[in-house]
Number of protein chains: 2
Amino acid sequence: MAKIDDVARLAKVSKGTVSNVFSQKRPTSNEVRERVMSVSRQLNYVPNHTARSLVTKKTMAIGLTIPHGSFFFSAFHTQFINGVILEASYYGYRVLLDIIPLQQVKTPFLTSYPIDGAVVMRPTTNDERINLMHMGQIPFVTVGHVMNENIEHSSSVDNDNQQIMFSICEYLMDRGHKDIMFLNANELMTVSIDRRDSFIKAMNERGLDVAEHMIHHKPDLSSSEYLDYGYEETMNILGKQKKKVTAIIADDDRTAFSVLNAIKDLNLSVPGDISIFVICGDHSMMVQSNPSLTSMDLQPSELGAQSVRILMHQLGVLPGDFAENVIVESKIIERNSCSTI
Amino acid sequence: MAKIDDVARLAKVSKGTVSNVFSQKRPTSNEVRERVMSVSRQLNYVPNHTARSLVTKKTMAIGLTIPHGSFFFSAFHTQFINGVILEASYYGYRVLLDIIPLQQVKTPFLTSYPIDGAVVMRPTTNDERINLMHMGQIPFVTVGHVMNENIEHSSSVDNDNQQIMFSICEYLMDRGHKDIMFLNANELMTVSIDRRDSFIKAMNERGLDVAEHMIHHKPDLSSSEYLDYGYEETMNILGKQKKKVTAIIADDDRTAFSVLNAIKDLNLSVPGDISIFVICGDHSMMVQSNPSLTSMDLQPSELGAQSVRILMHQLGVLPGDFAENVIVESKIIERNSCSTI
DNA sequence: TTGTACGCGTTATCAC
DNA sequence: GTGATAACGCGTACAA
C-alpha cells in the first residue's frame, strides 16, 4: 500500500499538502490538486483510515447493539436497522454491529471501542452494555428508556408505551373483551416493564383485574421455548388449563404467527373465537396473514433514524439544540383479527 | 482517557510491560500483572483500539456488504446475518455493515476500509464492490459466485443453484405441472442468472419450452413496484393476460406472500388452483402461512457461518488449507402449497 | 523479566 | 497556498 510520503515525493509536494487535497480542510490550488490526484491514482493511494482516526479521534462509525436474547430478528428489528443505516450513511457514518453474547465473556472489553457513539436497542434493567458505554464515555442513545442505577440523564427514542397499551386495551375492551392475555417481550427489557405496568393499569381503570396467567414474558434465547413461545403459551393457557381468553396481545410478528398456529391446532378461529392484536407488527407481514392482523404501527424505521439524529447532535455533527428524549408516533392499524363480542 | 504511559508511571513499570499485560503476547509476573491491572482499573484505562490497529494492521472487523437493491431484508438475509455475526464474534471479530447506495457516490472511497476482510452478499455481474475489494487488496468471500471480468479466482459460498432449480422443477413436473412461472430475484445478481439458466435447462430437458412471460425478475429498490412485485406480476400474468399458470416459484418469502394475496384477489386457491414453491423460505414464516408453503431450506445461517470461516482462513486466523468454494446443502421441505394435477 | 527508542500514517500548527 | 515538524497512542525490537 502506498503511503502519503510516496505520493508527496512523486508529486513534489509536502505531506501536509497531500493531506489537504484529500481532506479538503484547506484550499489547494487546482494545479497542485490535479498533480496529487494523478499520482494517487497511479499509486493506488487512499488515506489510511486508522491513522486518520488516531489523530482526529473519530472513527466515523457508530455501534448498534442488538438486544440481549433476541438473536432472531423480527421485522421490527429489520426495519429499525434499515432506518439506522440509512440515516447514518447520510452523515458519512458506518454501522458496527455489536452483539453482546449472553454468556458474558471473562474479559468483556480488552480494548476501547472503535466507535464514536452507539445506539442501544431495547435496554434491560441495569443493562451492562449501558454501564460500559457510560464508563467508556461513549455517547449513546437508547431505544426504550434506561433503568440503570447511577444513570440519571440519557438520550432515548421511544414510542409512548403507556399510550400504546391504553389504546390497545381500550380498543379491545370497547369490543367487549375482558379476558385479555398479554404475551409480552422478554421481561428484562425496560420496554416490557413499561408495557406490563401500563397494561395492568389500563385494565384496572376499567375495573378489571389481571390474573397472573394473563401476562407472559418471552423466554430468552437460551431457552428451548424461545422459538415457539406464542404457541406454547397459547396451548398451555387455552388448551391445557382451559382458561377463558377472548383476546391475545402479541408483542411481535413471530409471536403472533406462532399464536395463530396454536389457535388453529385448538380448532378455534380468529377472530371468531379469539381476537389478536400485534404490537410490533410489520405491515407487509400483517397483511399477508390470514386473517390480516390488526397491529400497532411503531414506525421502527423512524425510531432508527431519530436515534441516529440524536446521536449526531451529541457528536456535534449536527449543530444546535436537540430534545434528549424523543417520542415517535404510533397508531393502530385496523385489520381483520379483532372482533366484537 | 488514561493512556498507557499514565498506567506505566503509576504502576512503576514501563510501557512495554503494560502492553504485554494486556496483549498477553509475552509472559509477565503475577505480581506485576496484578499491579498493572489494579492501576488500570483505577484509571479506567483500556488500550486504544485505533492506535493498536495502526501498528498491528488489523482492525478486528469484517465488512458485510448487503446487496444492491434489497434494502428491505427478507428472512433469508436476517438468518444469514445472524450466522455471520455469531461466527465472527467467535473469532473476536466485529461486523461492519456496509451499504452501497444505489446512487453511486462521486468519491466512492476517500479513505481505506477499516476492515480486515469482507463478506459480500449476492454479487451482481461486474459488481463494483468486488472491484473495489480487489483493488484495495481486501480479502473477501462472496455468497454466490463472482462474475467480474479480470477476476479469475475468488472465494465463495453458495448453494448448488443448478441442483436447486432441477429439484424444484422435477418436484413440480412430477406432479403434473407444465406451466410454471418463475418469480426470480433481481436480474443483476449472479445467483439469479444461475437460477434462470438452470430453470430453463431443467424445463427443456423435459421437452418444455419456457415462454418469456414465465420468468420475471424483481425490480430494484428504486422502482415503485419493488414491494408488491409478486402481487403485480401475478395479477398481470394470471389476471390481465389470462395466461395459463399452474405453479409459481417465488424467490423469497415476501414475494411468496405477495403472490398469495394476488391469488386470493383473483378468487383462486392454493394449492387447489395454483401451487407455490418458495426458494429462500424461512421455516417459521413458511409454517405460519395458510396453507403452509413448500420451500427449499438454503441454510442461510450456515452460509453466513461458512463464509466467515473461509475469511478467517484467508486472514490467517484459522490455520491450514481450506476449500475456496464451498457448497452448502439445501433440501426441499415439503409443506402444503403444492398439489398434483 | 524490564526499559527504551523508534515506527505506524496521518493531521494540526506553525512559519513562510 | 505551501512546507517542515510535532503530536496521536500503542506495539516491538533490542539492549540491559
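Up top is the structure these notes are about.
The paragraphs below set out a description of the structure included in this document. (Residues numbered from 1 in each chain as written. Chains lettered and ligands numbered in written order. Predicted model: local features only at pLDDT ≥ 70, side-chain atom pairs only at ≥ 80, totals over all residues. Heavy atoms only, no water.)

What about the overall build of chain A?
Formally: In this description a helix means any DSSP run of H or I spanning at least four residues, a strand means any run of E spanning at least two, and both kinds are numbered starting from the N terminus. Atoms counted for the radius of gyration: C-alpha only. Globule rule: 2.2 Å times the number of residues to the power 0.38. Any two residues whose heavy atoms approach within 4.5 Å are treated as being in contact. To measure how exposed things are, a 1.4 Å probe is used in the Shrake-Rupley method; for residues, cover is taken only from the protein chains shown.
Of the regular secondary structure elements, chain A holds 12 helices and 12 strands. Relative to its length of 341 residues, chain A is extended, with a C-alpha radius of gyration of 25 Å against a globular reference of 20 Å. A principal-axis box enclosing the C-alpha atoms of chain A has dimensions of 85 × 40 × 40 Å. Considering only intrachain contacts with a sequence separation of at least 6, the fraction spanning at least 24 residues in chain A is 69%. Counting only carbon and sulfur atoms, one obtains 49% of the accessible surface of chain A, whose full area is about 15300 Å².

Side note on the protein's contact with DNA strand D
This is how the line gets drawn: If a single non-hydrogen atom of a residue is within 4 Å of a molecule or strand, that residue counts as near it. Identification of polar contacts relies on pairs of N or O atoms within 3.5 Å, with a donor-acceptor requirement for protein atoms, meaning one able to donate a hydrogen and the other able to accept it, and with residues adjacent in sequence counted only if both atoms are side-chain atoms.
The local shell around DNA strand D holds 25 residues, among which Thr-17, Ser-29 and Val-32 of chain A together with Ile-4 and Arg-52 of chain B are the closest. Contacts to DNA strand D include Ile-4 of chain B, whose backbone N or O atom sits 2.6 Å from a phosphate oxygen. With respect to DNA strand D, the side chain of Lys-15 of chain B contributes an N or O atom lying 3.4 Å from a base nitrogen. Counting only elements with at least two residues in the surface near DNA strand D, the list comes to helix H4 (49-56) of chain A together with helix H2 (15-23) and helix H4 (49-56) of chain B. The greatest single-element share of the surface near DNA strand D, amounting to 4 residues, is contributed by H4 of chain B.

Things to note about the packing of helix H1 (residues 4-11) of chain A against helix H2 (residues 15-23) of chain A
All names here are of chain A. What counts here: Structural elements are reduced to axes, namely lines fitted to C-alpha atoms, with helices fitted over the stretch in contact, and the angle between N-to-C directions of any two is expressed from 0 to 180 degrees. Here is the rule for angles: anything less than 35 degrees is roughly parallel, anything more than 145 is roughly antiparallel, 65 through 115 is roughly perpendicular, and the remaining ranges are oblique. Under the grouping applied here, Gly and all other residues not named as nonpolar or charged are polar, the nonpolar ones being Ala, Val, Leu, Ile, Met, Phe, Trp, Tyr, Cys and Pro and the charged ones Asp, Glu, Lys and Arg.
Where H1 contacts H2, the two axes come as close as 8 Å, and the packing angle between them is 105°. It follows that H1 is roughly perpendicular to H2 by the angle criterion. Along its contact with H1, which presents Ile-4, Asp-5, Val-7 and Ala-8, the element H2 presents Lys-15, Val-18 and Ser-19. For the contact of H1 with H2, the class distribution of residues is 4 nonpolar, 1 polar and 2 charged.

A word on the relation of the copies chain B and chain A
For clarity, the threshold we go by: Residues below a pLDDT of 70 in either copy are left out; the C-alpha atoms of the rest, at least 70 in both, set the least-squares superposition of the copies.
Take chain B, turn it by 180°, move it 0.1 Å along the axis, and it overlays chain A with an RMSD of 0.1 Å. Accordingly, the operation relating the two chain copies is best matched by a two-fold axis. Closest approach to the rotation axis among the C-alpha atoms of chain B is made by Leu-96 of chain B, whose C-alpha sits 2.2 Å away. An overlap of 96% is found between the interface residues of chain B and their copies at the interface of chain A, pointing to a shared contact surface.

Topic: the protein's contact with DNA strand C
Residues in contact with DNA strand C amount to 21 residues; listed here are only the nearest, Ile-4, Ser-19 and Arg-52 of chain A together with Ser-14 and Val-32 of chain B. If you look at DNA strand C and keep only atoms within 4 Å of the protein, 73% of those are sugar or phosphate atoms. In this structure, a phosphate oxygen belonging to DNA strand C sits 2.7 Å away from a side-chain N or O atom of Arg-52 of chain A. Take Lys-57 of chain B: an N or O atom from its side chain is 3.4 Å from a phosphate oxygen of DNA strand C. Going through the elements one at a time, H2 and H4 of chain A are the ones with two or more residues in the surface near DNA strand C. In terms of residue count, the dominant contributor to the surface near DNA strand C is H4 of chain A (4 residues). When its residues are assigned to classes, the surface near DNA strand C shows 10 nonpolar, 5 polar and 6 charged.

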